[in-house]
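Single-letter residue listing:
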Amino acid sequence: MRGRLAALALTLGLLLTGCAAGERASASEFAPEEGERLEGLDFSGQTALGEDLAGRDFTVNAMALNRRGKLRDPFGGREDVRGGLVRCVGEPDRRLEEDALRIMRCLRFASLLGFGIDGPTAQAIHRRRWELRAIAAERVSAELTKLLCGGHAAPVLLDYADVFSVVLPEIA
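Basis of the calculations
- Residues numbered from 1 in each chain as written.
- Predicted model: local features only at pLDDT ≥ 70, side-chain atom pairs only at ≥ 80, totals over all residues.
- Heavy atoms only, no water.
- Disulfide = S-S within 2.5 Å.
- Buried < 20%, exposed > 50% of the residue type's maximum accessible area, 1.4 Å probe, protein only.
- Helix = DSSP H or I, 4+ residues; strand = E, 2+ residues; numbered from the N terminus.
- Arc of directions from axis to C-beta.
- Contact = heavy atoms within 4.5 Å.
- Salt bridge = Lys/Arg side-chain N within 4 Å of Asp/Glu carboxyl O.
- Polar contact = N/O pair within 3.5 Å; in protein donor to acceptor, adjacent residues only side chain to side chain.
- Expected span 1.5 Å × (residues − 1).

A. Region of interest: the state of the cysteines. This structure, assessed with the given rule, holds zero disulfides. In this structure cysteine 106 is a free cysteine whose sulfur lies 6.2 Å from that of cysteine 88, the closest cysteine sulfur available.

B. Spotlight on helix α6 (residues 119-128). Taken together, the buried positions of α6 are occupied by Thr121, Ala122, Ala124, Ile125 and Arg128. Along the long axis of α6, the arc covered by the buried residues comes to 160°, so they all point the same way. The elements touched by buried residues of α6 are β5 (85-86), α4 (92-98), α5 (101-113), β6 (116-117) and α9 (161-167).

C. Main features of the pattern of salt bridges. Considering all chains together, one arrives at 13 salt bridges under this definition. A salt bridge links glutamate 79 to arginine 82; the nearest nitrogen and oxygen atoms lie 3.8 Å apart. Taken as a pair, glutamate 79 and arginine 82 lie in helix α3 (residues 77-83) at a separation of three residues, close to a single helical turn. With a relative accessible area of 52%, glutamate 79 lands in the exposed category. For aspartate 93, the salt bridge identified is with arginine 128, shortest N-O distance 3.3 Å. With a gap of 35 residues between them, aspartate 93 in helix α4 and arginine 128 in helix α6 connect regions that are remote in the sequence. Taking the relative accessible area as the measure of exposure, arginine 128 reaches 16% and is therefore buried. Beyond isolated ion pairs, a larger network of salt bridges with shared partners links Asp93, Glu97, Arg127, Arg128 and Glu131.

D. Here's a closer look at the side chain of asparagine 61. The residue asparagine 61 is located in the loop between α2 (46-54) and β3 (64-65) in this model. Polar side-chain contacts of asparagine 61 include one of 3.1 Å to the side chain of aspartate 57.

E. Main features of α5. For α5, built from 13 residues, the straight-helix expectation of 18 Å at 1.5 Å per residue is met to within 8% by its first-to-last C-alpha distance of 18 Å. For α5, the tally of buried residues reaches 11 of 13 residues, placing the bulk of the element in the interior. One or two positions beyond α5, positive phi appears at glycine 114, with a value near 75°.

What follows is the structure, given as structure tokens:
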């Protein structure tokens, strides 16, 4: 149940933080400070929202609720949350090519939530692992630290050792 609640918090735009071998996780809402404006965001129409959801990295992050509480889920994120699965929106190679840090984000979600990773997404992660070399070390380090705090880090580390050897060549 705890994993499902964490996934729900994640999909509703909450940023999960915290550590302690997966025992604790606190959530803080990702929202602008009072008086702060978010420039360039326009959710005035269905098209804008659909385009925003289509540009998300993973299906569990590609859902939205309207003011009446109706779920918009064009990529099956709800079913992936229920099934405990992290899956790219659209074609995985293309999605990971847009930002290679998504490789680490995917592995972090699997570690924190205990989710599996969709087959085509996992294959793309293994193929594109070398692209992590182009990402700033600070960004990779931040994701890796969060991943290591997950209660399910061990299987992720074992299953994706080739990926971790790119960012930690000492373990290769």
